[in-house]
Amino acid sequence: MELIEEFEAERARLLSLAHRILGSAEDAEDAVQTAWVRVQAADHTRIRTPAAWFTTVTARLCLDQLRARGRRGETPLFAEMLPGDRIAVDEEFLRRDKVSRALMVLLDRLTPTQRVAYVLHDLFGVPFREIADVLDTTPTNAKKLASRARQRLEGTDPASAEEAPRTAGHWRIVEAFLSAARGGHIDTLVTLMAPEVVRAADPALLPEGGAVEVIGNHAVAEETRHFADRVHASIPMLVNGAVAAVIAPGGHPIAAITFTFEDDRIARVSIARLKPTDEVRPVRPGGLRTL
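Residues numbered from 1 in each chain as written. Predicted model: local features only at pLDDT ≥ 70, side-chain atom pairs only at ≥ 80, totals over all residues. Heavy atoms only, no water.

Student: I'd like a description of the packing of helix α3 (residues 50–71) against helix α7 (residues 128–135), backed by residues and values.
Tutor: It is the contact of α3 with α7, at a shortest axis distance of 9 Å, that shows an interaxial angle of 40°. Looking at the two axes, α3 sits oblique to α7. For the pair α3 and α7, the crossing hand works out as right-handed. Residues Ala52, Thr56, Ala59, Arg60 and Leu63 of α3 form the contact with α7, whose participating residues are Glu130, Asp133, Val134 and Leu135. A class-by-class count of the residues in the contact of α3 with α7 yields five nonpolar, one polar and three charged. (Axes fitted to C-alpha atoms, helices over the stretch in contact; angles between N-to-C directions. Helix = DSSP H or I, 4+ residues; strand = E, 2+ residues; numbered from the N terminus. Parallel < 35°, antiparallel > 145°, perpendicular 65-115°, else oblique. Left-handed = near helix turned anticlockwise from the far one by under 90°. Contact = heavy atoms within 4.5 Å. Nonpolar A, V, L, I, M, F, W, Y, C, P; charged D, E, K, R; others polar.)

Structure, rendered in structure tokens:
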């Protein structure tokens, strides 16, 4: 088989790999297309294992993109900074490739080298000796980078382990709230909230003329009808140690919905922009394995 044909056979895998590293279907397409150009210009007689070589070239291009973002001082690809058509493409990619929305949010919290090491090894089974070649480091250091990434992503620090038992009941309420909101089950939503529940939101996240504060379980429940798209793009996560849901269309975070509870009912719902400095973790320690 010609090298170009072998590359085309690997294109879908390379695109999936690049998407996990870059967090953008459009950027992933660019990286894979650039890799294809390099394949055409390569000395084919010196390439012994084409699939591994394609992976290395593509991963290096992705790493260069991540580092360039850092040099330009760019934050992770937050939804509010991206045009709607790009969000739509990324949302479709998540659904088509069955990519975890929560995983994409968490990957943005890693350094470029951690992200590349984790994606290559844990998600695509690339050996550390090949990852070391991509990162221009040793296999031992590549292994350490992947391990640090895994620890950050899984939330296995002592603090999160202590929080889990205390918040288990609250997570069930949040998951029930999101499920009812997605299904338009207003009566269920009403029962999950205290009668005088307060919903407070950042004005920038509301449509023009939207109320910054809404009071009462019936009013808050009815309001969810107007935000169906955001509810469908929300996943339960810990944000700065608080029980929350992250709104992440296309895998790009836009806001955190945090909840306050009284007597096992939601007493307050706060919606605020998610900042790059916010600490975001999975619902429970080791939760990455179930994302």
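Let's pick the thread back up.
Student: With reference to specific residues and values, describe the packing of aromatic side chains.
Tutor: Here the distance between the centres and the angle between the planes together describe a pair of aromatic rings. One pass over the structure, following the stated rule, counts four aromatic pairs. For the ring pair phenylalanine 7 and phenylalanine 54, a centre distance of 5.1 Å and an interplane angle of 80° mean the geometry is edge-to-face. One end of the pair, phenylalanine 7, is in helix α1 (residues 3–22); the other, phenylalanine 54, is in helix α3, with 47 residues separating them in the sequence. Its relative accessible area of 1% is what places phenylalanine 54 among the buried residues. (Phe/Tyr/Trp six-rings, centres within 6.5 Å; stacked < 30°, edge-to-face > 60°. Buried < 20%, exposed > 50% of the residue type's maximum accessible area, 1.4 Å probe, protein only.)

Student: Account for α1, with residues named and values stated.
Tutor: At glutamate 10, α1 is bent by approximately 50°, the largest bend along its length. If you check which residues of α1 are buried, you get Leu3, Phe7, Leu14, Leu15, Ser16, Leu17, Ala18, His19, Arg20, Ile21 and Leu22. Turning to α1, the residues buried within the fold contact α2 (25–41), α3, α4 (84–97), α5 (101–107) and α6 (112–123). Phi turns positive, to about 75°, at glycine 23, one or two residues after α1. (Bend = angle between axes of the 7 residues up to and from the residue.)

Student: An account of the nonpolar core is needed here, citing residue identities and associated values.
Tutor: Formed by 57 residues in total, the largest nonpolar core has its most connected members in Leu107, Val116, Leu120, Ile131, Leu135, Met237 and Val246. Ranked by residues supplied to this core, first place goes to α1 with eight residues. Beyond its immediate stretch of four places on either side in the chain, valine 246 contacts Val105, Ala233, Ser234, Ile235, Met237, Val239, Pro253, Ala255 and Leu274. (Core = buried A, V, L, I, M, F, W, Y, C linked by side-chain atoms within 4.5 Å.)

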